[in-house]
Amino acid sequence: MPTPEQIWADADLPTRRLAGLALNPSVPESILLRLLSDAPLAARMVLCRDRILPDAVVDAVIEHPDTYTRSFFARNLHVDPAQRVRLVDDPEWFVRAHLAAGPRMAGLARPRPLPDEAVVHMISTYDDELLGGPFYQQISTRLRRSMPTHPIAKVRRWGVEAWASLSTDVRAALLTDPDGEVRERAQLHARLEDPAWVESALPDRPCHARTDLLLHHPLTRAVVEGVLARPAGKEDKAMIAVNPTLPPDAVVLLAADSDPEVRCQIAQRADLGPAECRALVADPEPDVRAQVAYRADLGPAERRTLMTDPHPDVRLAVSLHPALSEEERDRIDYQVPMDHRFGFHPAYEIVRDPGTVRRNALSNHPMLRREAARDHLLPPDLVARLAADDDLGVRVLLAQNHPDASAPLLLRSFLEYTGPERSHLTTRPNFPTNGLAAFADHEDPEVRALAARDPETEPTAVERLTQDPEYAVRAAATRHPNLPQYRLAVLLDDEELAHDAAANPALDLDTIRRLVEDGRRVRPPA
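Please read all numbers here as calculations on a predicted model, not as lab measurements. (Residues numbered from 1 in each chain as written. Predicted model: local features only at pLDDT ≥ 70, side-chain atom pairs only at ≥ 80, totals over all residues. Heavy atoms only, no water.)

1. Structural notes on the overall build of the protein
Item 1. Secondary structure assignment for the protein yields 36 helices and zero strands.
Item 2. With respect to the principal axes defined by its C-alpha atoms, the protein has extents near 85 × 60 × 40 Å.
Item 3. For the protein, with 526 residues in total, the buried portion stands at 50%.
Item 4. In the protein, the share of contacts with a sequence separation of at least 24, taken over all contacts with a separation of at least 6, comes to 55%.
Item 5. Split by element, the accessible area of the protein, about 25,100 Å² in all, is 54% carbon and sulfur.
Item 6. Of the charged side chains in the protein, 63 are positive and 82 negative; the average position of the first set lies 1 Å away from that of the second. (Helix = DSSP H or I, 4+ residues; strand = E, 2+ residues; numbered from the N terminus. Buried < 20%, exposed > 50% of the residue type's maximum accessible area, 1.4 Å probe, protein only. Contact = heavy atoms within 4.5 Å. Areas by Shrake-Rupley, 256 points an atom, 1.4 Å probe, with all protein chains shown as cover. Lys, Arg positive; Asp, Glu negative; His and termini not counted. Charge placed at Lys NZ, Arg CZ, Asp CG, Glu CD.)

2. What to know about the environment of Ala186
Item 1. Here Ala186 lies in helix 14 (residues 180–191).
Item 2. Each C-alpha atom of the pair Ala186 and Leu175 lies 5.4 Å from the other, and the pair is 11 residues apart in sequence.
Item 3. Apart from the residues within four sequence positions on either side, Ala186 is in contact with Val160, Trp163, Leu174 and Leu175.

3. Quick look at the pattern of salt bridges
Item 1. Evaluation of the coordinates by the stated rule reveals 38 salt bridges.
Item 2. Here Asp59 and Arg86 are joined by a salt bridge, their closest N and O atoms 2.8 Å apart. Placement of Asp59 in helix 5 (residues 55–62) and of Arg86 in the loop between helix 7 (81–84) and helix 8 (93–101) is noted, with a sequence separation of 27 residues between them.
Item 3. Between Arg369 and Asp390 there is a salt bridge, and its shortest N-O distance comes to 3.4 Å. With Arg369 in helix 27 (residues 366–373) and Asp390 in the loop between helix 28 (380–387) and helix 29 (392–401), this pair connects stretches of sequence that are 21 residues apart.
Item 4. The structure contains a network of salt bridges with shared partners spanning Arg157, Asp179, Glu181 and Arg185. (Salt bridge = Lys/Arg side-chain N within 4 Å of Asp/Glu carboxyl O.)

4. Quick notes on the packing of aromatic side chains
Item 1. Per the stated rule, a full pass over the model turns up seven aromatic pairs.
Item 2. Judged by centre distance (5.6 Å) and plane angle (40°), the rings of Phe342 and Tyr417 are tilted. In this pair, Phe342 sits in the loop between helix 25 (326–330) and helix 26 (354–362) while Tyr417 sits in the loop between helix 30 (407–416) and helix 31 (445–448), placing the two residues 75 residues apart along the sequence.
Item 3. Given the relative accessible area of 2%, Phe342 is considered buried.
Item 4. Through pairs of rings, three or more aromatic residues link up here, namely Tyr68, Phe72, Trp93 and Phe94.
Item 5. The ring of Phe414 is capped by Arg422, whose NZ or CZ atom sits 4.4 Å from the centre of that ring. (Phe/Tyr/Trp six-rings, centres within 6.5 Å; stacked < 30°, edge-to-face > 60°. Lys NZ or Arg CZ within 6 Å of the ring centre and 35° of its normal.)

5. What to know about unusual backbone geometry
Item 1. Positive phi is not limited to glycine here, since Glu421 has a value of about 65°.
Item 2. Note on Glu421: relative accessible area 19%, which makes it buried.

6. Let's talk about the packing of helix 22 (residues 286–293) against helix 24 (residues 312–319)
Item 1. Look at helix 22 against helix 24: their axes get within 8 Å of each other, and the N-to-C directions meet at 5°. Judged on the interaxial angle alone, helix 24 and helix 22 are roughly parallel. Together, Pro286, Arg289, Ala290 and Ala293 of helix 22 and Asp313, Val314, Ala317 and Val318 of helix 24 make up the contact between the two elements.
Item 2. Within the contact of helix 22 with helix 24, the residues separate by chemical class into six nonpolar, no polar and two charged. (Axes fitted to C-alpha atoms, helices over the stretch in contact; angles between N-to-C directions. Parallel < 35°, antiparallel > 145°, perpendicular 65-115°, else oblique. Nonpolar A, V, L, I, M, F, W, Y, C, P; charged D, E, K, R; others polar.)

7. Topic: the packing of helix 5 against helix 6 (residues 67–74)
Item 1. Between helix 5 and helix 6, the shortest axis-to-axis distance is 9 Å and the interhelical angle comes to 130°. In terms of orientation, helix 5 and helix 6 fall into the oblique class. Along the contact surface, helix 5 presents Val58, Val61 and Ile62, while helix 6 presents Thr69, Arg70 and Phe73.
Item 2. For the contact of helix 5 with helix 6, the per-class residue count stands at four nonpolar, one polar and one charged.

8. Section: the nonpolar core
Item 1. One finds Leu21, Leu35, Phe73, Met122 and Phe135 to be the most contacted residues of the largest nonpolar core, which totals 72 residues.
Item 2. Sorting elements by how many residues they give to this core places helix 4 (residues 41–49) first, with seven residues.
Item 3. Among residues more than four places away in sequence, those in contact with Leu35 are Leu18, Leu21, Ala22, Arg44, Leu47 and Val516.
Item 4. Residues Val198, Leu202, Val223 and Met307 belong to the second largest nonpolar core, which totals 37 residues. (Core = buried A, V, L, I, M, F, W, Y, C linked by side-chain atoms within 4.5 Å.)

9. Structural notes on helix 9 (residues 116–125)
Item 1. Those residues of helix 9 not exposed but buried are Asp116, Ala118, Val119, Val120, Met122 and Ile123.
Item 2. Those residues of helix 9 hidden inside the fold are in contact with helix 8, helix 10 (133–136), helix 11 (141–146) and helix 12 (153–159).

10. Focus on helix 33 (residues 471–478)
Item 1. Taken as a whole, helix 33 has its buried residues at Val473, Arg474, Ala475, Ala477 and Thr478.
Item 2. At its buried positions, helix 33 is contacted by helix 31, helix 32 (459–465), helix 34 (485–491) and helix 35 (498–502).

11. A look at the confidence of the model for the protein
Item 1. Per-residue confidence for the protein gives a mean pLDDT of 91; residues scoring 70 or more make up 93%.
Item 2. In this model residues 259–283 is a low-confidence stretch, pLDDT under 50, and it forms 34 contacts with partners more than four residues away in sequence or in other chains.
Item 3. Scored below 50 in pLDDT, residues 522–526 makes 13 contacts in the model with residues more than four places away or belonging to other chains. (pLDDT = per-residue confidence, 0-100.)

12. Regarding the side chain of His64
Item 1. With respect to the secondary-structure elements, His64 resides in the loop between helix 5 and helix 6.
Item 2. Only 2.9 Å separates the side chain of His64 from the backbone oxygen of Leu36, close enough to count as a polar contact.
Item 3. Setting aside residues up to four positions removed in sequence, His64 forms contacts with Leu36, Arg44, Thr69 and Arg70. (Polar contact = N/O pair within 3.5 Å; in protein donor to acceptor, adjacent residues only side chain to side chain.)

13. Some thoughts on the side chain of Arg84
Item 1. Within the secondary structure, Arg84 is located in helix 7.
Item 2. Look at Arg84: it is buried, it has no salt bridge, and the nearest opposite charge is Asp80 at 7.8 Å.
Item 3. Residues contacting Arg84, with those up to four places away along its chain left out, are Phe73, Ala74, Arg75, Asn76, Val79, Leu99, Gly102, Pro103, Arg112, Leu114 and Gln138.

14. Some thoughts on the environment of Glu181
Item 1. With respect to the element layout, Glu181 can be found in helix 14.
Item 2. Here the alpha-carbon distance between Glu181 and Lys154, two residues 27 residues apart in the chain, equals 8.7 Å.
Item 3. Polar contacts involving the side chain of Glu181 include one to the side chain of Arg157, which spans 3.1 Å.

Dropping the structure here:
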């Protein structure tokens, strides 16, 4: 089966023009229905996957005889999920698989959840192999929380996976559930809370199972000492460093990992043998100390040691410890990284403590203010304060995540931030359009492209931008309704930009009809 990329690569010029028409907001519903019926596969792919559709077109898509066409609609990011789930019982597994996989999302963004009743139906009737990782992102928080006690056994099986957050009563019910698979899964989770069982099941080689057990499950003294003395993988010590069951003396030992003599002394106090002590002396690891520095149970003496650690990553990590005062943080020689990803983060499912959020927002530490800036529920006074923050990361994270981020903040963030997910800023609700024509000659091509979003950009500037050295700028300008008609006519025959020219809303109806007829004459629909 060809991939979407292959389908598009194989499309000829008339087909790409039809695909442009499929996105054109001025094309009437009758033409869209004609494209759906007669256009080649590449044009139908764009029509069904890349835009909101009128109800009559949605009805026709659901009944379309071509499996590919329906599968593209199953992954449409733009339509209401209630429209996509009309394909929930499609006769072709390929369509159902695409519905379960959901739309392709950029970064950490998640698609809107499917209706709860549709998700329950899919869990109850679909083969397990169709319900992979992306499917879980389409389940609403409400349904996820109800899964452990759901009346349908297959749904409860999904609910068992939230074991760590379940109450004692709910756990007990799952351990005695009438469904054998529910009981088995619950019993496995219960065993994972038994340190002796974890020790017996721990693989002796690096693998996903070993990583999971060392990171998240209770560890016996023997496992801890084995990792300290003879780690199976180079990340083993960093893994146990974040495990909440790590014994206090091991926390102390790992926190002192920078000083060979001190580490040896602490290792001896922890009753490790000479061989283990030699291993510790020979292997100082700043990554391990950085992980330990985040632990809530890190003692005052260890915090003081790490505050002057020779490695900057360790000093930065301990500077964020919740037990430190602002004065203590200020005394640490930490460096704030500017090469981090300042992108979108999904809303927290469990609302964070407002007091903690406020303390972070008011902290002198930019990293704590960045943490606060990610909160979608930040109150207006803190939004205003962080919007004027002197740290780029704080401002951009606020712009990327808060629903009320202002137009000036969004534009400023786009102009100043050039890292991953920069383009996500232009999708935020308040991103401006007016005034962007002023950037038509900006040296940064992504900023120049903003001029194509301004409805007041002059025709001469739009035409000039269609000849820009950067394709993204040319494509954006080609779709601008102020593009002179003579230039638009030329670009309809341009191999590179014909698709965008056909999507221009200023295209007249006669031209639209001619392009449809040209596409029909060149070759029969795929």
